[in-house]
Amino acid sequence: MTDSPAMTSNRPYLLRALYEWISDNGLSPYLLVDAAQPGVRVPPGSAKDGKVVLNIAARAVNKLELGNDGIRFLARFSGVSQSVDVPMTAVLAIYAQENGQGMMFPADDAPPAPEPDTPPPEPQDRRSRLRVVK
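What you see is a predicted model; the values in this text were computed from it and never measured.

Q: Go over the nonpolar core with me, naming the residues and quoting the values.
A: Of all hydrophobic cores here, the largest spans 24 residues; its most connected members are L15, L31, L54, I71 and I94. Secondary structure elements with two or more residues in this core: α1 (11–24), β1 (29–34), β2 (51–55), β3 (61–66), β4 (70–77), β5 (80–87) and β6 (91–96). Residues in contact with I94, not counting those within four places in the same chain, are L15, L18, Y19, I22, P29, Y30, L31, I56, G102, M103 and F105.

Right, dumping it as structure tokens:
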């Protein structure tokens, strides 16, 4: 069997498609972001419990870039325009604020399942063990 080539993450493609779907339906796309991930740049105090929710509707942001590596835009926080930078791996979900429809994303860097310490048991003899009972 031949190895297939490694593919890039499908997260940016799904995120862009869901952004368009939500926007085309006249709803507001919101992102749920893991603010503790390296490279996340959001205004201080905007994160709660290590997470931040960002409104990325066209009317709420300027210069929105939904790239393969991350999301960048300018938005006003407390009346001050600020730059926001979110690596794609930090995006946990995109959803419509009005009805909650959207998609959660799995962690990209989830550790692999641990290998068992003991080898699997040997297959048992599968012959029938029926007895006559009187």
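That shown, we press on.
Q: Describe the packing of aromatic side chains, listing the residues and the values that go with them.
A: In the structure shown here, the tally under the stated rule is one aromatic pair. Between Y30 and Y95, the ring centres sit 6.0 Å apart and the planes meet at 45°, which makes this aromatic pair tilted. Within this pair, whereas Y30 is found in strand β1, its partner Y95 is found in strand β6, the two being separated by 65 residues in sequence. For Y95, a relative accessible area of 23% gives the class partly exposed. In this arrangement the basic side chain of R16 is found over the ring face of Y13, its NZ or CZ atom lying 4.9 Å from the centre.

Reading the values: rules and limits
Sequence positions are assigned chain by chain, starting from 1 and proceeding in written order. A pLDDT threshold of at least 70 governs which residues receive local features in this predicted model, and a stricter bar of 80 or more applies before side-chain atom pairs are shown or counted, although totals over entire chains, interfaces and linings include all residues. Side-chain measures were taken over the full set of non-hydrogen atoms in the model, leaving aside hydrogen atoms and water. Residue types Ala, Val, Leu, Ile, Met, Phe, Trp, Tyr and Cys, when buried and joined through side-chain atoms within 4.5 Å, form a set referred to as a nonpolar core. Think of it in three bands: with a 1.4 Å probe and only protein chains considered, a residue is buried below 20% of the maximum accessible area for its type, exposed above 50%, and partly exposed in between. Starting at the N terminus, helices and strands are each numbered in turn, a helix being any DSSP run of H or I of at least four residues and a strand any DSSP run of E of at least two. Should any heavy atoms of two residues lie within 4.5 Å, those residues are considered in contact. For Phe, Tyr and Trp, rings pair up if their centres lie within 6.5 Å, where Trp contributes its six-membered ring, and each pair is then called stacked (planes under 30 degrees apart), edge-to-face (over 60) or tilted (otherwise). Note on criteria: charge over ring means Lys NZ or Arg CZ within 6 Å of the ring centre, with the direction from the centre no more than 35 degrees off the ring normal.

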